[in-house]
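Residue-level listing of the chains:
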Amino acid sequence: MNGIMTAGGETIEPFGRSLFERPSERALSRVGVVDVGSNSIRMVVFDGAARSPAYFYNEKVMAGLGQGLATSGRLNPEGVERGMAALRRFAALAEGMGIKPLTCVATAAVREAEDGPAFRKAVERETGLKLWVIDGEEEARLSAQGVLLGWPDAKGLVCDIGGSSMELAEVRGGKVGKCITTPLGPFRLQQVKGGESGIREHIRKIMADVADRLNRNHGQIYLVGGSWRAIARLDMLRCDYPMTVLHEYRMSPAAALDTVEWIAGKSISEMRSATGISQSRMELVPLASQVLRQLVETLKPKSLAVSSYGIREGLLYEQMPLGLRSRDPLIEAARFSERQMARMPGFGKRLYQFLEPLFKDASAARERLIRAACLMHDTTWRTHPDYRADACFDNVTRANMAALSHPERVFLGLALLHRYKNNRSNSPMAPLFSLLSDKEIQDAEVLGKAMRFGAMFSVKDPAEAGALKYQPGKALELRLTRIGVALMGEVAEARFRALANALDVEPVVTEG
């Protein structure tokens, strides 16, 4: 396990021993992390130290510690006051939740301010929390690890923008490569002289140096940080995008540049009223958008992807053994959901095995969605029947799940909708269907109706009641066992016919 390198060169282990040594701890531990950044201070508590952990608690305070640091060399006094109040609260919350230790990492503002050491001592004295100050390269590495938590196969460049700095790191093959830090945070850019043209030239020179150090052949750039997320939310608004989940939101370089121009023509108040983004965050967006412009123009990526995972998730990833890191976050999250919320945990695997003959030609990407759907098929059973279909769709499309693109979210949600409902006409979720092709919509309906039949055909194991044989373009055969003959009542027959109709084949039922 790698330690965290402090600004003074000391290697420390803020978590102590690994949180993943015993299965009981992986299932039960609540892990608390505080990220003291230049603009915001956030506390996150992960519920269970698993491959795809749930967010038990998440609170942010826009303290603005780094405001004015570039000119004064000191932390913003108002930010210190707000930050101290936030950390006192976080320490009390952690105590109330029984979280020990609460790991606290401080980045650029505390690292660079002349009164940063005094702030650290005051925090420890007043709250008992110990701030681990990391250098820029380590900040970049941890942010990149956060991206790997959400995208195990991430390949490209991670770009994490904060208030006072911007860190970049290469990722490939599940590993973090070269890491660098730059002074391209909006707080620093506020102090650059020469007006808009001076700022633009300043950014251009730094980005040219970045390109020399990290090359220009990164097809994918992963955007980490609140300012990037705010820009992505504005891009959604500009494009009338039907979903507001920011994690894994994709922008083409051309779209990103169009949004930068669009932002330039809007006032802060206009953008705030349309999105609900805080004043302190929105004030940094115009400068951050200029950084994004130059990032695109200099490095020429093929695509930009927004990551809601960063340093905090990177600290959690730091503790994971390789075997756990290699697991699929989506499947692990689906297993967790089944274990916590399904009526009969474990049935999802048996349902998948029963339906497998229908999907023999599925790609690996589609197969994992089918597996996840089967695991989650019964996790909204407590919802009122009138709302169950829409509830499961809403849960999946808005859930904090990793390794799931927006179209994949909609596909999974639509399949689960059809698990509870034969048709999707007049669905309030219809605008999101536009993220799928007609073929994908049809495939999701087939999967949903397959689960709808299989889930009620047998409450123990569908394979004990029968077996499916699918002949594309011809027939769907159900061979019933002795137990299956008794189970094949009117409702089961109707759902089997509906599945065959969705496949556009003849339903055939045989015995023996």
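These figures come from a predicted structure and were not determined experimentally.

Conventions and cut-offs
- Residues numbered from 1 in each chain as written.
- Predicted model: local features only at pLDDT ≥ 70, side-chain atom pairs only at ≥ 80, totals over all residues.
- Heavy atoms only, no water.
- Helix = DSSP H or I, 4+ residues; strand = E, 2+ residues; numbered from the N terminus.
- Rg over C-alpha atoms; globule rule 2.2 N^0.38 Å.
- Buried < 20%, exposed > 50% of the residue type's maximum accessible area, 1.4 Å probe, protein only.
- Contact = heavy atoms within 4.5 Å.
- Areas by Shrake-Rupley, 256 points an atom, 1.4 Å probe, with all protein chains shown as cover.
- Lys, Arg positive; Asp, Glu negative; His and termini not counted.
- Charge placed at Lys NZ, Arg CZ, Asp CG, Glu CD.
- Salt bridge = Lys/Arg side-chain N within 4 Å of Asp/Glu carboxyl O.
- Pairing = 2+ DSSP bridges.
- Axes fitted to C-alpha atoms, helices over the stretch in contact; angles between N-to-C directions.
- UniProt positions renumbered as here; feature names shortened; annotations may be inferred.
- Domains from an automatic or database assignment.
- Buried area = accessible area lost by both parts, 1.4 Å probe.
- Nonpolar A, V, L, I, M, F, W, Y, C, P; charged D, E, K, R; others polar.
- Core = buried A, V, L, I, M, F, W, Y, C linked by side-chain atoms within 4.5 Å.
- Disulfide = S-S within 2.5 Å.
- Phe/Tyr/Trp six-rings, centres within 6.5 Å; stacked < 30°, edge-to-face > 60°.

**Let's talk about the overall build of the chain**
Counting its secondary structure elements, the chain contains 24 helices and 16 strands. For 512 residues, the compact-globule estimate of 2.2 N^0.38 gives 24 Å, and the C-alpha radius of gyration of the chain, at 25 Å, lies within 12% of that figure. Within the chain, the fraction of its 512 residues that count as buried is 57%. In the chain, 69% of the contacts between residues at least 6 apart in sequence involve partners at least 24 apart. Summing over all exposed atoms, the chain offers an accessible surface of approximately 21,900 Å²; the carbon and sulfur share of this is 48%. Here the chain holds 68 positive side-chain charges and 60 negative ones, and the gap between their average locations is 2 Å.

**With respect to the pattern of salt bridges**
A full pass over the atoms with the stated rule returns 27 salt bridges. A salt bridge links E114 to R74; the shortest N-O distance between them is 3.1 Å. Remark: R74 occurs in the loop between helix 2 (69–72) and helix 3 (77–97) and E114 occurs in the loop between helix 4 (108–112) and helix 5 (116–127); sequence separation between them is 40 residues. Its relative accessible area of 38% is what places R74 among the partly exposed residues. Two residues, R335 and E332, come together in a salt bridge whose shortest N-O distance is 2.7 Å. On the criterion of helical spacing, the pair formed by R335 and E332 is a turn pair, its members being 3 residues apart in helix 16 (residues 329–341). Residue classification places R335 among the partly exposed positions, given a relative accessible area of 39%.

**Some thoughts on the sheet that holds strand 14 (residues 466–471)**
Pairing in this open sheet of 3 strands is mixed, and the strands run 14-15-16 from one edge to the other. The outermost strands of the open sheet, each flanked by one partner alone, are strand 14 and strand 16 (506–511). Each adjacent strand pair in this sheet contributes to an overall mean axis angle of 20 degrees, direction not counted.

**Some details on the UniProt feature "domain: Exopolyphosphatase C-terminal" (unreviewed entry) in the chain**
According to UniProt, the feature "domain: Exopolyphosphatase C-terminal" (unreviewed entry) maps to residues 365–501 in the numbering used here. In the segment residues 365–501, helix accounts for 58% and strand for 9%; the C-alpha atoms at its two ends are 25 Å apart.

**Brief notes about the sheet that holds strand 13 (residues 303–307)**
Across the sheet, 6 strands lie side by side as 10-9-8-11-13-12; this open sheet has mixed pairing. At either margin of the open sheet sits one strand with a lone partner, and together these are strand 10 (175–182) and strand 12 (250–251). Across the face of the sheet, helix 6 (residues 136–150) comes into contact with strand 8 (156–161), strand 9 (166–172), strand 10, strand 11 (220–224) and strand 13 while running at roughly 135 degrees to strand 10.

**A look at unusual backbone geometry**
The phi dihedral of K300 falls on the positive side, at around 50 degrees, and the residue is not glycine. Positionally, K300 belongs in the loop between helix 13 (285–299) and strand 13. Of note in the backbone geometry, A403 takes a positive phi value of approximately 55 degrees without being a glycine. Locating A403 in the fold gives a position in the loop between helix 19 (388–398) and helix 20 (406–420). A403 sits in the buried class, given a relative accessible area of 12%.

**Details of the domain arrangement of the chain**
Under the domain assignment, the chain is made up of domain 1 (4–134), domain 2 (137–312) and domain 3 (328–511). Computed from C-alpha atoms alone, the centre-to-centre distance between domain 1 and domain 2 is 23 Å. Taken together, the contact pairs 26 residues of domain 1 with 23 residues of domain 2. A combined buried area of about 2,000 Å² lies between domain 1 and domain 2, and 54% of that area is made up of carbon and sulfur atoms. Contact with domain 2 buries area across many residues of domain 1, yet N39, R51 and M62 alone supply 23% of it, more than any other trio. Run the count over domain 1 and domain 2 and you get 3 salt bridges. R111 is the partner of E139 in a salt bridge, and the nearest nitrogen-oxygen pair spans 3.2 Å. Elements with a contribution of two residues or more to the side of domain 1 that touches domain 2: strand 1 (4–5), strand 3 (30–36), strand 4 (41–47), strand 5 (54–61), helix 2 and helix 4. Of the residues contributing to the side of domain 1 that touches domain 2, the split by class is 11 nonpolar, 9 polar and 6 charged.

**Looking at the nonpolar core**
The biggest cluster of nonpolar side chains holds 60 residues, and the ones touching the most others in it are L355, L358, L412, M451, L476 and L478. M451 has contacts with L351, L355, A373, C374, H377, A415, L416 and R419, leaving out every residue within four places of it along the chain. Counting 42 residues, the second largest nonpolar core, distinct from the first, contains I161, L189, I199 and L234.

**Overview of the environment of P286**
Residue position: P286 is located in helix 13. Classification of P286 as partly exposed rests on a relative accessible area of 32%. On a C-alpha basis, the gap between P286 and F90 in space is 31 Å, while along the polypeptide they are 196 residues apart.

**A few points about the state of the cysteines**
Put plainly, a disulfide is one covalent bond tying together the sulfur atoms of two cysteines. According to the stated counting rule, one finds 0 disulfides in the structure shown. Of all cysteine sulfurs, the one in C159 lies closest to C179, which takes part in no disulfide; the gap is 12 Å.

**Concerning the side chain of D390**
Positionally, D390 belongs in helix 19. One buried charged residue, D390, forms no salt bridge at all, with the nearest opposite charge on K421 at 5.1 Å. When sequence neighbours within four positions are dropped, the list of residues in contact with D390 reads L417, S427, P428 and M429.

**Here's the deal with the packing of aromatic side chains**
In this structure the tally under the stated criterion is 9 aromatic pairs. Centroid distance Y55 to Y309: 6.4 Å. Interplanar angle 35 degrees. Geometry classified as tilted. Of the two residues, Y55 is situated in strand 5 and Y309 in the loop between strand 13 and helix 14 (311–318); the sequence distance between them amounts to 254 residues. On the basis of relative accessibility, which here comes to 22%, the residue Y55 falls in the partly exposed class.

**Description of the side chain of D235**
Residue placement: D235 occurs in helix 9 (residues 226–239). Contacts of D235, omitting those with residues within four sequence positions, involve Y249, M251, A255 and T259.

**Digging into the environment of G96**
Position of G96 among the secondary structure elements: in helix 3. A C-alpha to C-alpha distance of 44 Å links G96 and Q353, two positions 257 residues apart in sequence.

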